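Understanding the architecture of this molecule
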Amino acid sequence: MTQSKAAVLLDVKEASRSFGGLKAVSDVSLHINKGELIGLIGPNGAGKTTLFNLLTGVYPPSSGSILLNNESIGGMKPYKINHKGAARTFQNIRLFTAMTVLENVKIAFHQHAKHSLFSSMLRLPKHFKGEDEITQKAMDILKIFNLADQSHEVASNLSYGNQRRLEIARALAAGPKLLLLDEPAAGMNPNETRDLMNLIAWIREEFDLTILLIEHDMSLVMGVCNRIYVLDRGILIADGTPVEIRNNPKVIEAYLGQEA
Ligand SMILES: Nc1ncnc2c1ncn2[C@@H]1O[C@H](COP(=O)(O)OP(=O)(O)OP(=O)(O)O)[C@@H](O)[C@H]1O
């Protein structure tokens, strides 16, 4: 896909991140156009999560630049990047497990809600109106994820697959432009995985999202992604359409090397 300036949402230029002597991400340049669903794959320890951590402010890049909507976000605090329009899920699920399903989504809405802390503290009518609206919006999202019936269930009581879905629902509540999903299907069975991939493709359309999806398993991303980037030992070794990636000798070698 061509890289016209207006269409690019995320532009990463020669980003690196070192931990001691290890270059976990090494001079990676990539771009994502608005509306694309992009896969990020690579063997164990390739640097996928570290790249996500750079994109979401968990770590600043050691060098290089990261632009979201033409604005530099490299090194910004995570909450600021979230406000700029990038939301993520984590490889290890991070829900408020003692809270209900509904509360988990409402918290994310509150972080972005318009009603002021002042009206909340004084419990003005405006506060209750805002609260009702947030409950309604949270329920609407839960319906999309087939979690509305369990809205009053404590999050830790959900099945593993549903906890993963709830994480995505919560990320969506932040109203992101860019959604970063770190192995959203990890631990799911093949049917759950297929349903989730279809749901991800659907929410992209419905919410006008751009999505970057980390996945371990190449075959999973083949069906849904427009393009795929491949990392190996911190280096971007390939990018292209699913068919190009499937037939790329460097990619095959990287994956075979992992099995050896
Ligand atoms: N905070 C850290 N401190 C030191 N080393 C780190 C840190 N985070 C990641 N690494 C190292 O950086 C390399 C890349 O790790 P990363 O988790 O980004 O890979 P990954 O592609 O997401 O792997 P996986 O598919 O196994 O999750 C690994 O060698 C890892 O041990």
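Above this text sits the structure in question.
Residues numbered from 1 in each chain as written. Predicted model: local features only at pLDDT ≥ 70, side-chain atom pairs only at ≥ 80, totals over all residues. Heavy atoms only, no water.

1. A short note on unusual backbone geometry
Phi is positive for E14, close to 45°, though the residue is something other than glycine. Note on placement: E14 falls in strand β1 (residues 8-19). Phi angles above zero are rare outside glycine, and N69 is one such case at about 55°. If you trace the backbone, N69 turns up in the loop between β4 (63-68) and β5 (71-72). For N69, a relative accessible area of 31% corresponds to the partly exposed category. (Helix = DSSP H or I, 4+ residues; strand = E, 2+ residues; numbered from the N terminus. Buried < 20%, exposed > 50% of the residue type's maximum accessible area, 1.4 Å probe, protein only.)

2. Description of the side chain of N162
By secondary structure assignment, the location of N162 is in helix α6 (residues 160-173). For N162, a relative accessible area of 19% gives the class buried. Among residues more than four places away in sequence, those in contact with N162 are L147 and Q150. (Contact = heavy atoms within 4.5 Å.)

3. So, the site of the ligand
Around the ligand sit 15 residues in total, of which G45, K48, T49, T50 and Y59 are the nearest. Between the ligand and N44 there is a distance of 3.0 Å, counted from an oxygen atom to a side-chain nitrogen or oxygen. Here an oxygen atom of the ligand and a backbone polar atom of T49 are 2.9 Å apart. A total of 630 Å² of accessible area belongs to the ligand in isolation, and the protein chains cover 64% of it. Elements with a minimum of two residues in the shell around the ligand: β2 (22-33) and α1 (48-55). With three residues, α1 is the largest single contributor of residues to the shell around the ligand. (Near = heavy atom within 4 Å. Polar contact = N/O pair within 3.5 Å; in protein donor to acceptor, adjacent residues only side chain to side chain. Areas by Shrake-Rupley, 256 points an atom, 1.4 Å probe, with all protein chains shown as cover.)

4. Structural notes on the pattern of salt bridges
In the structure shown here, the tally under the stated rule is seven salt bridges. For R88, the salt bridge is made with D182, and the minimal N-O distance between the two is 4.0 Å. Taken together, the residues R88 in strand β6 (residues 86-88) and D182 in strand β7 (residues 178-182) connect sequence positions 94 residues apart. Note on accessibility: R88 and D182 belong to one class, buried. A salt bridge links D232 to R233, with the shortest nitrogen-to-oxygen separation between them at 3.6 Å. Assessed through its relative accessible area of 14%, D232 is described here as buried. For R233, a relative accessible area of 66% translates into the label exposed. (Salt bridge = Lys/Arg side-chain N within 4 Å of Asp/Glu carboxyl O.)

5. With respect to the sheet that holds β4
Read across the sheet, four strands follow the order β2-β1-β4-β5 without closing on themselves; strand pairing throughout is antiparallel. In this open sheet, the two strands that pair with only one neighbour each are β2 and β5. For β1 and β4, the ladder comprises five bridges, and the chain directions are antiparallel. Bridge pairing in β4 places D11 opposite L67. (Pairing = 2+ DSSP bridges.)

6. Focus: α6
Three- or four-residue spacings in an α-helix give side chains the same orientation, since the helix completes a turn every 3.6 residues. Counted at 1.5 Å a residue, the expected span for α6 with its 14 residues is 20 Å, and the 20 Å between its end C-alpha atoms agrees. For α6, the buried fraction is high: 13 of the 14 residues fall into the buried class. The first or second residue beyond α6 is G175, which carries a positive phi of 65°. (Expected span 1.5 Å × (residues − 1).)

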